Amino acid sequence: MTREEKSIAIENLTAQLAGTNIIYISDISGLNAETTSNLRRACFKAGIKLEVVKNTLLAKAMEASSNDYGDLPTVLSGNSAIFISDVANAPGKIIKDFRKKSDKPVLKGAYINSEVYIGDNQLDALATIKSKEELIGEIIGLLQSPAQRIISALQNKFAGSEEEGAE
């Protein structure tokens, strides 16, 4: 790879990093072609971009980025693949699902909304993070619940008073 090609690759990675707040870094080495293809297909269906990257280029892109990746560049050794997503828990769920059949992918680290997570032991926590849509749904449900109880109580009261008037 020439210097110019490296420079272009770093610029492209920096642009990708700037366009997202959710990045998982994992090791997918050792997966056979069929499993890798299945992983890519699952990522595509979930709206996740999966890309194998060179560690030095990713480290330079992180350095050039306006985001603070903290200690995340320290996990860049061996083979690395990045999962770029709009949903915080989606890559974690996919990795966890694939780990039911294999010991890979291994989570090296993640950057989610300015928070840095290091190590494979973080996978369970990352897979259960609530997405923005899930949180909004829960809040709406909580807000609707008291109103529904009031409406139900009023309907019961009116139904009860109508029955009393009929007698």
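Cut-offs used in this document
- Residues numbered from 1 in each chain as written.
- Predicted model: local features only at pLDDT ≥ 70, side-chain atom pairs only at ≥ 80, totals over all residues.
- Heavy atoms only, no water.
- Domains from an automatic or database assignment.
- Helix = DSSP H or I, 4+ residues; strand = E, 2+ residues; numbered from the N terminus.
- Core = buried A, V, L, I, M, F, W, Y, C linked by side-chain atoms within 4.5 Å.
- Buried < 20%, exposed > 50% of the residue type's maximum accessible area, 1.4 Å probe, protein only.
- Contact = heavy atoms within 4.5 Å.
- Axes fitted to C-alpha atoms, helices over the stretch in contact; angles between N-to-C directions.
- Parallel < 35°, antiparallel > 145°, perpendicular 65-115°, else oblique.
- Left-handed = near helix turned anticlockwise from the far one by under 90°.
- Polar contact = N/O pair within 3.5 Å; in protein donor to acceptor, adjacent residues only side chain to side chain.

The subject of this paragraph is the domain arrangement of the chain. Structurally, the chain comprises domain 1 (3-129) and domain 2 (130-166). When each unit is reduced to the centre of its C-alpha atoms, the spacing between domain 1 and domain 2 is 43 Å.

Turning next to unusual backbone geometry. Cis geometry is adopted by the peptide bond preceding Pro105, which originates at Lys104 and carries an omega value of 0°. Its location among the elements puts Pro105 in the loop between α4 (90-98) and β4 (106-112). Look at Asn113: it is not a glycine, yet its phi comes out positive at around 50°. Along the polypeptide, Asn113 turns up in the loop between β4 and β5 (115-118).

The next subject is the nonpolar core. Core analysis: the biggest nonpolar cluster contains 20 residues, and Tyr24, Leu39, Cys43, Phe83 and Ile112 have the highest contact counts within it. The greatest single-element share of this core, amounting to 4 residues, is contributed by α4. Look past the residues within four positions of Phe83 in its chain and what remains in contact with it is Ile22, Ile23, Tyr24, Ser26, Leu39, Cys43, Ile48, Lys49, Leu50, Pro91 and Ile95. The next biggest cluster of nonpolar side chains, apart from the first, holds 18 residues, and it includes Ala9, Ile25, Leu72 and Leu76.

With that out of the way, let us pick up the packing of helix α1 (residues 3-18) against helix α3 (residues 55-64). Relative orientation of the contacting elements α1 and α3 amounts to 55°, with a least axis distance of 8 Å. Viewed along their axes, α1 and α3 adopt a mutual orientation that is oblique. Note on packing geometry: the crossing formed by α1 with α3 is right-handed. Touching Lys6, Ala9, Ile10, Leu13, Thr14 and Leu17 of α1 are Leu57, Leu58, Lys60, Ala61, Met62 and Ala64, all from α3.

Okay, the environment of Thr74 next. Within the secondary structure, Thr74 sits in the loop between α3 and β3 (80-84). Placed 54 residues apart in sequence, Thr74 and Thr128 show a C-alpha to C-alpha distance of 25 Å. From its side chain, Thr74 meets the backbone oxygen of Asp71 in a polar contact 2.5 Å long.

Quick look at the side chain of Ser80 now. Structurally, Ser80 can be placed in strand β3. A relative accessible area of 3% means that Ser80 is categorised as buried. Only 2.6 Å separates the side chain of Ser80 from the side chain of Asn55, close enough to count as a polar contact. In this structure Ser80 touches Ile25, Ser26, Glu51, Val52, Val53, Asn55 and Lys108, once residues within four positions along its chain are discounted.

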